[in-house]
Amino acid sequence: MSLTWILPLQKFFLVIFLLVVQISAWIPDECLAKTNKTHTILNVRVGVHPDKTRLVVEVTGKIPFQTVQTFKARYHEIILGNITSKSSLLKLHKGQGLIQNYRFESENSSIMRLKINTKAAARISQIFLIPNLGKAPGRLVIDMKKVQ
């Protein structure tokens, strides 16, 4: 049985993936600020697991987010919605595991960006939001795995 169809299929899915990444970069930042309510980043922590590195951002409420850019699998950027932060979180922080460092940047009064640099080629394998539960803050969870 000939398997010559596998390579063209891989190329097709690579092109589709790159198009999705590029198109998502064209979405204006203003589209993410869907609410006038401002939330706050309370804390950030990094956990190293055998199969992944997890970055958890504690926030005061449900925030819109979007993964925008992956550059050579070592730089990842996530646009957060209408959110503020303590000034101590706006500096460069040393990471653990796959994460070399991360920082939050606020380009204007309503959009915050989380920029993550990795030690090796990595991908965001999972990103999800856990809403506030009782007194526990909401959490944006970002799982990163090494690219093989």
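Residues numbered from 1 in each chain as written. Predicted model: local features only at pLDDT ≥ 70, side-chain atom pairs only at ≥ 80, totals over all residues. Heavy atoms only, no water.

So, the sheet that holds strand 1 (residues 39-48)
So, step 1. Within the open sheet, the five strands sit side by side as 5-1-2-10-9. Their pairing is mixed. Looking at the sheet topology across the chains shown, the edges are occupied by strand 5 (83-85) and strand 9 (122-130). Each neighbouring strand pair of the sheet contributes to a mean axis angle of 30 degrees, computed without reference to strand direction.
So, step 2. Taken together, the three bridges between strand 1 and strand 5 define a ladder with parallel strand orientation. Paired with His39 across the two strands is Ile83, which belongs to strand 5. (Pairing = 2+ DSSP bridges. Helix = DSSP H or I, 4+ residues; strand = E, 2+ residues; numbered from the N terminus. Axes fitted to C-alpha atoms, helices over the stretch in contact; angles between N-to-C directions.)

Overview of the side chain of Arg139
So, step 1. Here Arg139 lies in strand 10 (residues 138-146).
So, step 2. Comment: no salt bridge for buried Arg139; closest opposite-charge side chain is Glu58, at 5.9 Å.
So, step 3. A polar contact of 3.2 Å, which involves the side chain of Arg139, links it to the backbone oxygen of Pro137.
So, step 4. If we skip the residues at most four places from it in the chain, Arg139 touches Arg45, Val56, Val57, Glu58, Val59, Phe128, Leu129, Ile130 and Leu133. (Buried < 20%, exposed > 50% of the residue type's maximum accessible area, 1.4 Å probe, protein only. Lys, Arg positive; Asp, Glu negative; His and termini not counted. Salt bridge = Lys/Arg side-chain N within 4 Å of Asp/Glu carboxyl O. Polar contact = N/O pair within 3.5 Å; in protein donor to acceptor, adjacent residues only side chain to side chain. Contact = heavy atoms within 4.5 Å.)

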